[in-house]
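Analysis of the macromolecular model
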Amino acid sequence: MNPQYNFEPMGNTVFTRDQQIVTRKGLVMGRMALRPRDGEVEVMKHCLQHLGLNPIGSIPAPFTLEGGDFIPAGEDLCFLGVGIRTSIHAARYMLDNDLYGTRRVALVQDVFEQCQYRMHLDTVFNIASEKVAVMLSTIMGKDKVQISASQSFMSLSRFYPRM
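Computed from a prediction, not measured in an experiment: that's the story for all the values here.

With respect to the confidence of the model for the chain
Confidence along the chain averages 82 in pLDDT terms, with 80% of residues attaining 70 or more. When the criterion is pLDDT under 50, residues 145-149 qualifies, and its contacts beyond four places in sequence or with other chains add up to 16 contacts. Within the model, the stretch residues 155-163 combines pLDDT values under 50 with 20 contacts to residues more than four positions away or in other chains.

Written out as structure tokens, the structure reads:
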């Protein structure tokens with residue numbers, strides 16, 4: 001049997017980090033914020049499964065999670081950006097279902113501007129090495145604190161407040 005797939009054009013599939021994240025626990029399939037990109041998650045899931053990589057979880061509707069918002073930071077910590085592409089509900093779902101695999105999760109919430117050109121955490125922040133992090137200069141400094149707020153949660157449900 002030859003499977004057949006019928007999709008609308010998917011020009012954004014070149015951004016292959018968006019459809020999933022890989023946590024300390026394993027592969028988690030995301031859910032795109034923009035409906036025209038919905039089919040990308042299924043295509044990527046099919047390709048990854050063909051390579052023998054099976055997801056440990058998937059983000060359910062109506063929550064959204066895109067790969068550019070997830071940054072692993074070692075055995076004990078990961079960062080998740082919450083804004084126009086990843087919802088706080090997806091962050092909570094991941095916590096409730098123990099999908100992060102780290103003891104701490106730093107939620108970096110863009111609660112003020114939510115600009116398209118800063119749509120993902122990895123477009124403004126990344127970790128270059130054990131002692132070096134890189135951040136977009138226009139959101140750094142004491143006069144820029146209104147742009148992003150960070151909150152750290154423990155991965156175990158009894159250690160974080162209800163959202």
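Observations concerning helix H1 (residues 38-50)
The α-helix advances 3.6 residues per turn, and as a result positions three or four apart in sequence lie on the same side. Listed in full, the buried residues belonging to H1 are Gly39, Glu40, Val41, Met44 and Leu48. Buried positions along H1 lie against strand E1 (20-22) and strand E2 (27-29). Looking at the residues trailing H1, positive phi occurs at Gly52, about 85 degrees.

A word on the side chain of Thr102
Inspection of the secondary structure puts Thr102 in the loop between helix H2 (88-96) and strand E6 (104-109). Residue Thr102 is classed as buried on the basis of its relative accessible area of 6%. Of the polar contacts made by the side chain of Thr102, one reaches the backbone oxygen of Arg104; its length is 2.9 Å.

Some remarks on unusual backbone geometry
Cis geometry is found at the peptide bond from Ala61 to Pro62, where omega equals 5 degrees. With respect to the helices and strands, the residue Pro62 is situated in the loop between strand E3 (57-58) and strand E4 (70-72). In this structure, Asp98 takes a positive phi of about 50 degrees despite not being glycine. Counting through the fold element by element, Asp98 comes out in the loop between H2 and E6. Exposure remark for Asp98: the relative accessible area of 33% places this residue in the partly exposed category.

What counts as what
- Residues numbered from 1 in each chain as written.
- Predicted model: local features only at pLDDT ≥ 70, side-chain atom pairs only at ≥ 80, totals over all residues.
- Heavy atoms only, no water.
- pLDDT = per-residue confidence, 0-100.
- Contact = heavy atoms within 4.5 Å.
- Buried < 20%, exposed > 50% of the residue type's maximum accessible area, 1.4 Å probe, protein only.
- Helix = DSSP H or I, 4+ residues; strand = E, 2+ residues; numbered from the N terminus.
- Polar contact = N/O pair within 3.5 Å; in protein donor to acceptor, adjacent residues only side chain to side chain.

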